[in-house]
Amino acid sequence: MFYFYQRFNYQRFFHLSLYTLFILYLVAFLSNHILAQTGTLKGQIIDSTAKESMIGVTVFLEQNKLGAVTDVDGNFNIENIPQGEHIVTISFTGYSTKKITNVKIEDGKITTLNIGLREDVGSVGEVVVTAERETGSELSLISAIKASEQVAVGVSSEQIAKSQDRDASQVIRRLPGVSLIENRFVMVRGLSQRYNAVMVNDMLTPSSEVDIKAFSFDVVPSGIIDRLLIYKSGAGELPGEFAGGVIKIYTKTAPEENFTNLSLNLGTRIGTTFNNALSIKGSNTDFLGFDNGYRQLPSSFPTKLGDNLNSEQRANLAKQLPNNWLAQNININPDIRLGFNTGRRFKIGGVKIGTVTSVNYSNTNLYTPEVKLNNYGSYDPTTQQTQIQGTNDDKIFSNTTRLGVLHNWWVKLDENNTLEFKNLFNQMGFSETIQRNSKRFDNGTEANNYSYRYEQRSIYTGQLIGKHNLDNGKFSINWVLGFSYTNRKEPDWRRFSTIRNLGTNDPFVFAIPGSPNAFQASRFYSNLNENVFTNALNFEYKAGKKDTQNPVKIRFGTYIERKDRTFNARVFSYLNSPNINTTEASTIKALPFDQIFAPENINGTTRFTLGEDLSPDYKYSANNMLIAGYLSTYIPITPKFSATVGIRIEQNTQEIQSRTRGDQKINISNSVLSALPSLNMTYNLNDKSLIRGAYYASLNRPEFRELAPFNFYDFSLNANFIGNPNLKVVNIHNVDVRYEYYPTPSELISVGAFYKNFQNPIETFQLIGSGGAESFNYVFGNAKDATSYGVEAEIRKSFAGISDSKFFNDLTFVGNVSFIASQINLGENVNLGADAGGIVNVGANQPTNRPMMNQSPYLINAGLYYNDVEKGWQVNILYNVFGKRIFSVGNAFNPNIFEMPRHVIDLNLTKTINKKIDIRFGIQDLLNQPVRLAQDNDSDGKITSKDGDFRTFKRGTAFNIGLNYNF
């Protein structure tokens, strides 16, 4: 921990934050007993059929967020309830939920309420019975976390609606130990996104990225989420491939009542909206998230431009490509978001049917005209300074369109058999124009570099789910058949440079390369297709008699997944023709961009022609077969102490066919059998508090892209990323302990700690020889070992009862904080693959011990929510920050680059009118602090005045106003 505190730059701020959290909780707790005029509600809950008391039933007062859980005799007692009439909700898994209205509480008196619960559906008097279990409320979420056998955290659709978060990436950052990369990739407990398993409706999702193992959470609109859970400890029934968390997204299924609503949201961003920016021409279907063929290679194009085609033939082919090298100046429109949601519930005979449909569309813009990107030389310990070798000033405009469709069906055949059919489709288009002015002080040149990029992604996920109860609920079966499809295209990504001598007023001249490459005068095309077929079958048997309150549970099942991927890329460059007229060509290269490659200038003789980079690493095919089986047993050892023991066996076979840049054949066939034991223990101190402990073994497999020797150039970072066919599977041992306190059924306070040990963790290594103002080169490799450990705390506390003031009764605080430390031991010799020099001695050129890449030493999230149901007002203020983390791993010539802390505050306000109209106003990123990547020039692990900014920019504060109409 000494290492962690040495690098802790915000100590006073966090001490104050923790002190404030403690005071807020103490005031709320004590005030319940001091200020309010209150009474008590007590009683007993029994099974109406068996006439026996029920343990663990939740009794909850909705308005005041107060409640209790019944003890071994079925008794409950709720004190300090404000006087007046209340609605009492009584719920228990497998039983009908009852809502009892007009329960009168008097000051200083005890009200008694004895209730019987039935497994069948009925209604008596003022009791309102709900037949299906509610899953999207805050109450149901807290109940699920408390009942979970694993360490878990989550967020409900009820809280999502309050925050106005637009997609799953914004939703998930509110959870303990969670931070984001690029506003869409999730890190849990400071670990890289590669260490998460992501599941949608209990099926693993494919990686949405080509170059990294990650799921892009921004493709899931928040409006379709019923609840989102993160399991932080393992179990037999959970995937074995994770270390940070298993992230489960459940989409909405059956509505409790029919509904239809429409929403419209308009947004502006400081520095973006109504400003002028350069944008490249696209197709007339870009607004729907896909290119209609305008950017695609012509169908008549040959599979490769090899030696069988002479210069003139290649020039004639080049004339078939659009001459779209000149960006146009546009005025940036406001952001727009549209949503349509409908749900229906009906019966056909005795069969209950529910369906939910959601269509979401967004068209958003971001303009960052002042992006600074610097390159440094070596650090001079004498002067304690680092000379800047080059500067880059970028102007970046991007437009993102998303079209998301959810369509789910729920069919309840009878009380014991349910079928679900869930479908989620997302189409996203991303257009980006970058202008870069680059000054090279080491060689005296100045360049204007350009990148015109378009990316489209199509992702479909579907599941057919069956749930069946046998033998009066003692035996249950659920099965899932799933299919996922991912397509990612980058058609006609143009990258080129114009150059002149530094400090002169000479015209910039278009740079023509000597051979085809992805950096100069290039057109890049890529296409990825991935199909995933999944099947899961799960069984649970409850031992003992039917009326046993806490039975032994035996679970076993299988999971099978087949994944197939194909990827190919093509890179073309404009070249000088064999008999080029150099004088004439110099004049042409100084013309406007749309004139340089006019048809008359591409003749294959005296001017220009087209060539293709035929490097064999530009394509690969891959498949993965995972066969898993598990057995776990939940054992209630005593009335207070329980344990879940599990074992998961995973047989995984990974195959890849490709070639290295040196034309060495790659034919990977890795078959690994893994046994993954787990133990989760829970000790209930009383009906409101418990202690959890867990151990589990897990692993992390290389992603296809990390194994394939494909060399990808990232223009925005001026960096190459190279795969490594020699990567090994990472083995991980994990330990968790956590204390949880539930003051009421809707409140939670928890404190936990964890420890993780990694063998062969996968990291990125920066290659020697790529320093200075040249592009950086990174390759994936296995380090020797690593450890990660930390503490995390969470609080969800209502201020109801703090006084007679209605304001406090409607106020809720949600906050969490995590402190994490890690250390990685790189070892000395690492096999980085043939294209990266084979076995290299990394210890000779960089520190062998450092924090793990992307691991933040601290994370803080906080939210204050005000909800006045009677007057229809909702107001919340949200805060988020993460600690300094390694963004880019360095070496002796290019030290580590850190992403610096950035404080984010969001403000949201909603006014409901006549229960039909919601008017919403939001401010995102109120502080608008810069995104700052700083290079640790003196390699001391700290960022001080001796160090320099590698990349900085501001996104701008965003304002949005929306209207939601409920029919």
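Residues numbered from 1 in each chain as written. Predicted model: local features only at pLDDT ≥ 70, side-chain atom pairs only at ≥ 80, totals over all residues. Heavy atoms only, no water.

## Considering the overall build of the protein
Test applied: Going along the chain from the N terminus, every DSSP run of H or I of four or more residues is numbered as a helix, and every run of E of two or more is numbered as a strand. Type-normalised accessible area, obtained with a 1.4 Å probe on protein chains alone, sets the label of each residue: buried when under 20%, exposed when over 50%, and partly exposed for intermediate values. Whether two residues are in contact is decided by their heavy atoms: any pair within 4.5 Å suffices. Residue-level accessible areas treat just the shown protein chains as cover; the underlying method is Shrake-Rupley with a 1.4 Å probe.
The helix and strand tally for the protein stands at 10 helices and 53 strands. Classification of the 967 residues of the protein by burial places 58% in the buried group. Excluding contacts between residues fewer than 6 apart, the proportion of contacts in the protein whose partners are at least 24 apart in sequence is 71%. For the protein, the computed accessible surface area is about 38500 Å², with 55% contributed by carbon and sulfur atoms.

## Let's talk about the environment of tyrosine 450
Topologically, tyrosine 450 is positioned in strand β24 (residues 445-470). Along the backbone, tyrosine 450 and arginine 495 are 45 residues apart, and their C-alpha atoms lie at a distance of 5.6 Å. If we skip the residues at most four places from it in the chain, tyrosine 450 touches Ile434, Gln435, Arg494, Arg495, Phe496, Thr498, Phe593 and Phe715.

## Topic: the nonpolar core
Across soluble globular proteins, nonpolar side chains show a tendency to be buried alongside one another. To keep things clear, this is the line we draw: In this description, a nonpolar core means a group of buried Ala, Val, Leu, Ile, Met, Phe, Trp, Tyr and Cys residues linked to one another through side-chain atoms lying within 4.5 Å.
Formed by 45 residues in total, the largest nonpolar core has its most connected members in Tyr195, Tyr620, Phe710, Phe758 and Met852. When near neighbours in sequence (up to four residues on either side) are disregarded, methionine 852 contacts Leu191, Tyr195, Phe758, Glu763, Ala786, Thr787, Ser788, Ser822 and Ile824. Core analysis: the second largest hydrophobic core is formed by 28 residues, Leu305, Tyr452, Ala521 and Phe608 among them.

## What about helix α6 (residues 311-318)?
An α-helix turns once per 3.6 residues; consequently, residues spaced three or four apart project the same way. Condition: As used here, the arc is the angular range of directions from the helix axis to the C-beta atoms. Pairing of N or O atoms within 3.5 Å defines a polar contact, subject to two protein rules: one partner must be a possible hydrogen donor and the other a possible acceptor, and residues neighboring in sequence count only if both atoms are side-chain atoms.
When we look at burial in α6, the residues that qualify are Ser311, Arg314, Ala315, Leu317 and Ala318. Each buried residue of α6 sits inside an arc of 160° when the element is viewed along its axis, so together they form one side. Elements in contact with the buried residues of α6: β28 (553-576) and β29 (608-613). Structurally, the start of α6 carries an N-cap: the backbone nitrogen of glutamate 312 is 3.1 Å from a side-chain oxygen of asparagine 310.

## What about the sheet that holds strand β34 (residues 711-714)?
Our working definition: Following DSSP output, two strands are said to pair if at least two bridges run between them. Here, axes are lines fitted to C-alpha atoms. For helices the fit covers the stretch in contact, and angles between N-to-C directions go from 0 to 180 degrees.
Ordered in space as β34-β35-β39-β38, the 4 strands form an open sheet in which the pairing is mixed. Edge positions in the sheet fall to β34 and β38 (762-766), since each of these pairs with one other strand and no more. Across the sheet, the mean angle from the axis of one strand to that of its neighbour is 30°, orientation sign disregarded. For β38 and strand β39 (residues 776-782), the ladder comprises 5 bridges, and the chain directions are antiparallel. In the sheet register, isoleucine 762 faces β39, and the bridge partner there is asparagine 782.

## Examining the packing of aromatic side chains
Two aromatic rings are characterised by how far apart their centres lie and by the angle between their planes. Our working definition: Any two rings among Phe, Tyr and Trp, with Trp reduced to its six-membered ring, count as a pair given centres within 6.5 Å; such a pair is stacked if its planes are under 30 degrees apart, edge-to-face if over 60, and tilted if neither. Whether a charge lies above a ring is judged from NZ of Lys or CZ of Arg, which has to be within 6 Å of the ring centre and within 35 degrees of the ring normal.
Taken as a whole and judged by the stated rule, the model has 30 aromatic pairs. Ring geometry for phenylalanine 475 against tyrosine 541: centres 6.4 Å apart, planes inclined by 55°, an arrangement best described as tilted. Residue phenylalanine 475 is found in strand β25 (residues 475-501), and its partner tyrosine 541 is found in strand β27 (residues 522-542); the two are separated by 66 residues along the sequence. Taking NZ or CZ as reference, arginine 495 lies 5.2 Å from the ring centre of phenylalanine 524, over its face. When the ring centre of phenylalanine 882 is taken as reference, the NZ or CZ atom of arginine 885 above it lies at 3.8 Å.

## Side note on the confidence of the model for the protein
Interpretation of the predicted coordinates at a detailed level should be avoided for regions scoring low in pLDDT. Defined as follows: Scored between 0 and 100, pLDDT is the confidence that the predictor attaches to each residue.
Taken as a whole, the protein shows an average pLDDT of 84; of its residues, 88% reach a score of 70 or greater. Segment residues 1-36: pLDDT under 50, and 54 contacts once partners within four positions in sequence are set aside and those in other chains are kept. Across residues 120-133, confidence stays below pLDDT 50; counting only partners more than four residues off in sequence or on other chains, it has 27 contacts.

## With respect to the sheet that holds strand β10 (residues 152-156)
With respect to topology, 5 strands assemble into an open sheet ordered β10-β15-β16-β13-β14, the strand pairing being mixed. Edge positions in the open sheet fall to β10 and β14 (203-204), since each of these has one partner strand only. Where strand β13 (residues 196-200) and β14 come together, 2 bridges link them in antiparallel fashion. The partner of valine 200 across the bridge, within β14, is methionine 203.

## Concerning the side chain of arginine 565
The topology assignment puts arginine 565 in strand β28. Polar side-chain contacts of arginine 565 include one of 3.1 Å to the side chain of tyrosine 620.

## Some points on the pairing of strand β20 (residues 335-348)
As paired strands, strand β17 (residues 259-269) and β20 are joined by 9 bridges and run antiparallel to one another. By the bridge assignment, asparagine 265 is partnered in β20 with arginine 337. Pairing analysis gives 13 bridges linking β20 to strand β21 (residues 351-380), with the strands arranged antiparallel. Counterpart to asparagine 341 in the pairing with β21 is serine 358. The hairpin turn running from β20 into β21, its antiparallel successor, is 2 residues long, and glycine 349 in that turn takes a positive phi close to 65°.

## Structural notes on a nonpolar patch on the surface
Threshold: To count toward a patch, a residue needs a relative accessible area over 30% and no salt bridge; like charges are then connected within 9 Å, while nonpolar side chains (Val, Leu, Ile, Met, Phe, Trp, Tyr) are connected within 5 Å. Definition used for salt bridges: Asp or Glu carboxyl oxygen within 4 Å of a side-chain nitrogen of Lys or Arg.
A surface patch of nonpolar side chains, about 640 Å² in accessible area, is lined by Leu264, Leu266, Leu338, Ile913, Ile919, Phe921, Ile961 and Leu963. Listed by contribution, the elements that provide at least two residues to the nonpolar patch are β17, β50 (917-924) and β53 (958-966). Assignment of secondary structure puts isoleucine 961 in strand β53.

## Topic: the side chain of glutamate 432
Which entries qualify depends on this criterion: Residues counted as positive are Lys and Arg, residues counted as negative are Asp and Glu, and His and the chain ends are not counted.
Tracing the backbone through its elements, the reader meets glutamate 432 in strand β23 (residues 417-440). Despite its burial, glutamate 432 remains without a salt bridge, the nearest opposite charge being carried by arginine 453 at 4.3 Å. Beyond its immediate chain neighbours, meaning those up to four positions away, glutamate 432 contacts Ile396, Phe397, Ser398, Ser451, Tyr452 and Arg453.

## As for unusual backbone geometry
Positive phi is not limited to glycine here, since aspartate 492 has a value of about 60°. Here aspartate 492 is to be found in strand β25. Positive phi outside glycine occurs at asparagine 760, with the angle close to 65°. Positionally, asparagine 760 belongs in the loop between β37 (748-759) and β38.

## Comments concerning the pairing of β39
With respect to burial, β39 is a largely interior element, 7 of its 7 residues being buried. Side-chain alternation along β39 places Phe776, Tyr778, Phe780 and Asn782 on one buried face and Asn777, Val779 and Gly781 on a second face that is also buried. In the sheet, strand β35 (residues 719-722) pairs with β39 via 4 bridges, with the strands oriented parallel. Considered in β39, the bridge of alanine 719 is made with phenylalanine 776.

## Observations concerning the pattern of salt bridges
It is possible for side chains bearing opposite charge to pair when their charged atoms get close. On inspection of all chains with the given rule, the structure shows 42 salt bridges. Among the ionic pairs, glutamate 455 bridges to arginine 453, the shortest N-O distance being 2.8 Å. Judged by its relative accessible area of 4%, glutamate 455 falls in the buried class. Judged by its relative accessible area of 14%, arginine 453 falls in the buried class. Here glutamate 584 and arginine 607 are joined by a salt bridge, their closest N and O atoms 3.0 Å apart.

## Here we look at the environment of serine 632
Along the chain, serine 632 falls in strand β30 (residues 619-636). Sequence-wise, serine 632 and valine 645 are 13 residues apart; in three dimensions their C-alpha atoms are separated by 5.4 Å. The contacts of serine 632, once residues within four sequence positions are left out, are Glu237, Lys553, Ile554, Arg555, Thr644, Val645 and Gly646. One polar contact links serine 632 to glutamate 237, side chain to side chain, over a distance of 3.2 Å.

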